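Chain residues, written in single-letter form:
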Amino acid sequence: MADDSNIGFRAGQTGLIVRIPEAEPSVRRWRERLDPSAQAGVPVHVTVLFPFLDESRTDALVHSALADVLGGHPVFDLRFEKCGRLPGVLCLVPEPDTQLRQLTEAIADRWPEAPPYGGRFAEVVPHLTIAQGQEDAVLEEVEADLAGKLPFTSHVSSVELIVHDGTKWQERASFALG
């Protein structure tokens, strides 16, 4: 959840993510040091929609609607071949990102009261955050280390609903694609 600095995490906040466990060996040590979301318990992921509805609103009807919306999208593979930069963020770039964008659009269309990143950005750019708020020299060190660990492929078959419990992020539900 890039640009979701830990300052804004609060109990009951939710997000929808795609886990990317294949990245874990390459990025774990960097994320643990340099990504506030990792320090708060968010697994290696690409964000589908953050923030989503408050936990108090994610009842059985919302879960059913999520299952319907997400179940209408096929499973897909992502390839991570390079690092990218967003303002203050070093990330891995998923290719192709079309399916990720379609998932985000489908959820945002169904729940317009939950625009991606609270509506702060004109365009949502799918990415896997590794480091936030670091000096360029640190980001260059991380990028050099990761260059020898790429590429890798990830098979995406579900979207997870995660919730902040006031201390850490926890998975609450998983919704299968296609």
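Residues numbered from 1 in each chain as written. Predicted model: local features only at pLDDT ≥ 70, side-chain atom pairs only at ≥ 80, totals over all residues. Heavy atoms only, no water.

(A) The overall build of the protein, seen in detail. Helix and strand counts for the protein stand at 5 helices and 8 strands. For 178 residues, the compact-globule estimate of 2.2 N^0.38 gives 16 Å, and the protein sits close to it at 15 Å. If one aligns the C-alpha atoms of the protein with their principal axes, the spans along those axes are about 45 × 35 × 30 Å. For the protein, restricting intrachain contacts to residue pairs at least 6 apart in sequence, the fraction spanning at least 24 positions comes to 78%. Working note: accessible area of the protein is about 8200 Å², and carbon and sulfur atoms make up 50% of it. (Helix = DSSP H or I, 4+ residues; strand = E, 2+ residues; numbered from the N terminus. Rg over C-alpha atoms; globule rule 2.2 N^0.38 Å. Contact = heavy atoms within 4.5 Å. Areas by Shrake-Rupley, 256 points an atom, 1.4 Å probe, with all protein chains shown as cover.)

(B) Seen up close, the packing of aromatic side chains. Taken as a whole, this structure holds 5 aromatic pairs when the rule is applied. Ring geometry for Phe52 and Trp111: centres 5.2 Å apart, planes at 85 degrees, overall edge-to-face. With Phe52 in the loop between strand E2 (45-49) and helix H3 (60-71) and Trp111 in the loop between helix H4 (98-110) and strand E5 (128-132), this pair connects stretches of sequence that are 59 residues apart. Of the two residues, Phe52 and Trp111, neither departs from the other in class, the shared state being buried. A ring pair is formed by Tyr117 and Phe121, whose centres lie 5.7 Å apart and whose planes are at 80 degrees; its orientation type is edge-to-face. Given a relative accessible area of 8%, Tyr117 falls into the buried group. Given a relative accessible area of 37%, Phe121 falls into the partly exposed group. (Phe/Tyr/Trp six-rings, centres within 6.5 Å; stacked < 30°, edge-to-face > 60°. Buried < 20%, exposed > 50% of the residue type's maximum accessible area, 1.4 Å probe, protein only.)

(C) Region of the structure containing the state of the cysteines. If you walk through the whole model with that rule in mind, you get 0 disulfides. Counting only cysteine sulfurs, Cys91 is the nearest neighbor of Cys83, a cysteine outside any disulfide, at a range of 7.7 Å. The exposure class assigned to Cys83 is buried, which follows from its relative accessible area of 14%. Cys91 sits in the buried class, given a relative accessible area of 3%. (Disulfide = S-S within 2.5 Å.)

(D) Up close: the packing of helix H1 (residues 24-34) against helix H5 (residues 136-147). Two elements in contact, H1 and H5, have axes separated by 10 Å at closest approach and are oriented at 165 degrees. When the axes of H1 and H5 are compared, the pair comes out roughly antiparallel. Pair H1 / H5 crosses with left-handed handedness. In this structure, H1 uses Ser26, Val27, Arg29, Trp30 and Leu34 to contact H5, whose residues at the interface are Val138, Glu141, Val142, Asp145 and Leu146. (Axes fitted to C-alpha atoms, helices over the stretch in contact; angles between N-to-C directions. Parallel < 35°, antiparallel > 145°, perpendicular 65-115°, else oblique. Left-handed = near helix turned anticlockwise from the far one by under 90°.)

(E) Seen up close, the pattern of salt bridges. One pass over the full model with this rule turns up 14 salt bridges. Here Arg172 ties to Glu55 by a salt bridge, and the two come within 3.1 Å at their closest N and O atoms. In this pair, Arg172 is assigned in strand E8 (residues 169-176) and Glu55 in the loop between E2 and H3, connecting sequence segments 117 residues apart. Note on Arg172: relative accessible area 40%, which makes it partly exposed. With relative accessibility at 29%, the residue Glu55 sits in the partly exposed group. Taken together, the shared-partner salt bridges in this structure form one network comprising Arg29, Asp145 and Lys149. (Salt bridge = Lys/Arg side-chain N within 4 Å of Asp/Glu carboxyl O.)

(F) Region of the structure containing the sheet that holds strand E1 (residues 14-19). An order of E2-E1-E7-E8 is seen for the 4 strands of this open sheet, with the pairing classed as antiparallel. Looking at the sheet topology across the chains shown, the edges are occupied by E2 and E8. On average, each strand axis in the sheet is inclined to that of its neighbour by 35 degrees, with strand direction left out of account. Direction of pairing for E1 relative to E2: antiparallel, over a ladder of 4 bridges. Within E2, the position partnered with Leu16 by the bridge is Leu49. (Pairing = 2+ DSSP bridges.)

What is shown is where atoms sit, not what they do.
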